[in-house]
Amino acid sequence: MNTTQNTRTDQHLFTVVYHWRDLNDALATRPTTWPPTMGIGIISARHQTDEDREAAGYRAAALRALERSPDQIGWTAAPLRIDVLDTIRTVEAGLIELADQTAAAIQHAPITPAPARRSWPDDPRARRTAEADDRRRNQLALRQSKDPRRWRYTGQRTAPLAALWLLARTQGVRGPWRPLTNEEQHRIDVAAAMSARLVERALDIGDNHARLDIQCPICDGPLDLHGGAGTAPTVHCTNCGRTWTQ
C-alpha cells in the first residue's frame with residue numbers, strides 16, 4: 001500500500017474528528033461565502049463612474065427595502081446554518097455507511113454461545129468436562145461480542161467514531177478483522193478526502209481558490225481570488241501581477 005497516501009488519509013480522518021465539535025458549534029454562527037464579494041467590490045468600486053456608483057446605491061436601497069424583520073409574517077432566515085447542517089449530515093451518513101460496509105467485509109463474526117443441551121452424559125466426569133467446555137465457550141462468546149474494538153451496527157454511531165474506526169483500519173491496528181484490500185483502502189482514501197474537504201469548506205479553514213468572472217481593470221487579464229484558512233482574501237491578476245487585498 002502507498003504509505004504517502006495512507007498518511008494523507010490519516011490526516012483527513014483526523015481532520016473530521018478534530019473539527020467535529022467546531023462544526024456543530026458553527027451551526028448557529030453567521031455564514032461565510034466563497035468566493036467573498038470583497039474581490040469584486042474593491043475592484044469595481046475603484047473603477048466605477050459616478051453613474052455606476054449612483055446605480056449601485058439605488059440597487060442597495062431597493063434590496064434593503066425588500067428585507068423583512070423577524071417579527072413579520074413570511075420568509076425569514078433559518079435559525080441554523082443550513083450549509084453546515086448539510087455538511088454534518090452528509091459526512092456522518094457517508095462515514096457510517098462506509099464503516100458498515102467495511103466491517104461487513106473484514107470483521108470476523110464472534111463465536112456463538114454453546115447451544116442448549118437436551119441431555120448430558122451419564123458419566124459424571126464426562127458431564128463435568130462438557131459443562132466446563134460450555135462455560136468456556138459462553139465466556140469467550142460474551143467477551144468477543146463485547147469487544148470495544150468491534151464496529152457496532154446499533155447504539156452510538158457518529159462521524160467521529162466511524163472516522164476513528166476507519167483510521168485504525170488504515171493504520172493496520174490488529175483486532176477481530178482481516179487486513180484491508182487495496183480496493184477497500186482506496187474507498188476509505190476517497191471518502192476521507194471528501195469528508196475533510198467538506199468540513200474545511202464549512203468552517204473556512206482550508207485553502208480556497210476561484211477564478212472571477214470579471215477581468216483585470218488594468219490589463220483585462222484573468223483574475224484569481226485566493227483565501228481561506230484564516231487568511232484575508234486576495235485578488236491577483238495572472239497577467240500583469242496586480243493584487244488587491246481587503
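Placed above this text is the structure.
Residues numbered from 1 in each chain as written. Predicted model: local features only at pLDDT ≥ 70, side-chain atom pairs only at ≥ 80, totals over all residues. Heavy atoms only, no water.

Engineer: Just checking my understanding: could you explain unusual backbone geometry for this structure?
Structural biologist: When glycine is set aside, most residues are seen to have a negative phi, and most peptide bonds are trans. Phi is positive for Asp220, close to 65°, though the residue is something other than glycine. Relative to the elements of secondary structure, Asp220 occurs in the loop between β1 (207-215) and β2 (222-228). A residue is classified by how much of its surface remains accessible, and Asp220, at 59% relative accessible area, is exposed. (Helix = DSSP H or I, 4+ residues; strand = E, 2+ residues; numbered from the N terminus. Buried < 20%, exposed > 50% of the residue type's maximum accessible area, 1.4 Å probe, protein only.)

Engineer: Hey, could you run me through the packing of aromatic side chains in this one?
Structural biologist: Aromatic rings in a pair are described by how distant their centres are and how their planes are angled relative to each other. As enumerated under the stated definition, the model contains three aromatic pairs in all. Here Trp151 and Trp165 contribute two aromatic rings whose centre-to-centre distance is 5.9 Å and whose plane-to-plane angle is 45°, an arrangement assigned as tilted. With Trp151 in the loop between α5 (124-145) and α6 (159-170) and Trp165 in helix α6, the pair connects residues that are 14 residues apart, well separated along the chain. In terms of burial, Trp151 and Trp165 fall into one category: buried. Summarising the aromatic geometry, the rings of Trp165 and Trp177 are spaced 6.2 Å apart at their centres and angled 80° between planes, so their arrangement reads as edge-to-face. In this pair, Trp165 sits in helix α6 while Trp177 sits in the loop between α6 and α7 (182-203), placing the two residues twelve residues apart along the sequence. Like Trp177, Trp165 is buried. The ring of Trp165 is capped by Arg169, whose NZ or CZ atom sits 4.8 Å from the centre of that ring. Sitting above the plane of the Trp177 ring, Arg169 keeps its charged end 3.5 Å from the centroid. (Phe/Tyr/Trp six-rings, centres within 6.5 Å; stacked < 30°, edge-to-face > 60°. Lys NZ or Arg CZ within 6 Å of the ring centre and 35° of its normal.)

Engineer: Looking at this model, I keep getting lost on the state of the cysteines. Mind explaining?
Structural biologist: Within this structure, the stated rule accounts for zero disulfides. For Cys216, which is in no disulfide, the shortest distance to another cysteine sulfur is to Cys237 and amounts to 3.8 Å. Classification of Cys216 as buried rests on a relative accessible area of 0%. Sulfur of Cys240: no disulfide; nearest cysteine sulfur belongs to Cys237 and is 3.5 Å away. The exposure class of Cys240 is partly exposed, given its relative accessible area of 40%. (Disulfide = S-S within 2.5 Å.)

Engineer: Quick question: what am I supposed to make of the packing of helix α4 (residues 82-106) against α7 here?
Structural biologist: For any two helices packed against each other, the geometry comes down to the angle between their axes and how far apart the axes lie. The interhelical angle for the contact between α4 and α7, taken along N-to-C directions, is 165°, at an axis separation of 10 Å. With respect to each other, α4 and α7 are oriented roughly antiparallel. For the pair α4 and α7, the crossing hand works out as left-handed. Contact with α4, carried on its side by Val84, Thr87, Thr90, Val91, Leu95, Leu98, Ala105 and Ile106, involves Glu184, Arg187, Ile188, Ala191, Ser195, Leu198, Val199 and Ala202 of α7 and no other residues of that element. Taken together, the residues of the contact of α4 with α7 break down into eleven nonpolar, three polar and two charged. (Axes fitted to C-alpha atoms, helices over the stretch in contact; angles between N-to-C directions. Parallel < 35°, antiparallel > 145°, perpendicular 65-115°, else oblique. Left-handed = near helix turned anticlockwise from the far one by under 90°. Contact = heavy atoms within 4.5 Å. Nonpolar A, V, L, I, M, F, W, Y, C, P; charged D, E, K, R; others polar.)

Engineer: It is not clear to me how the packing of α4 against α6 should be interpreted in this structure. Could you clarify?
Structural biologist: At a minimum axis separation of 9 Å, α4 and α6 run at an interaxial angle of 40°. On the basis of the axis angle, α4 is oblique to α6. By crossing handedness, the relation of α4 to α6 is classed as left-handed. Only Ala159, Ala162, Ala163, Trp165, Leu166 and Arg169 of α6 make contact with α4, whose side of the interface consists of Glu92, Leu95, Ile96, Leu98, Ala99, Thr102, Ala103 and Ile106. Looking at the contact of α4 with α6, its residues break down into eleven nonpolar, one polar and two charged.

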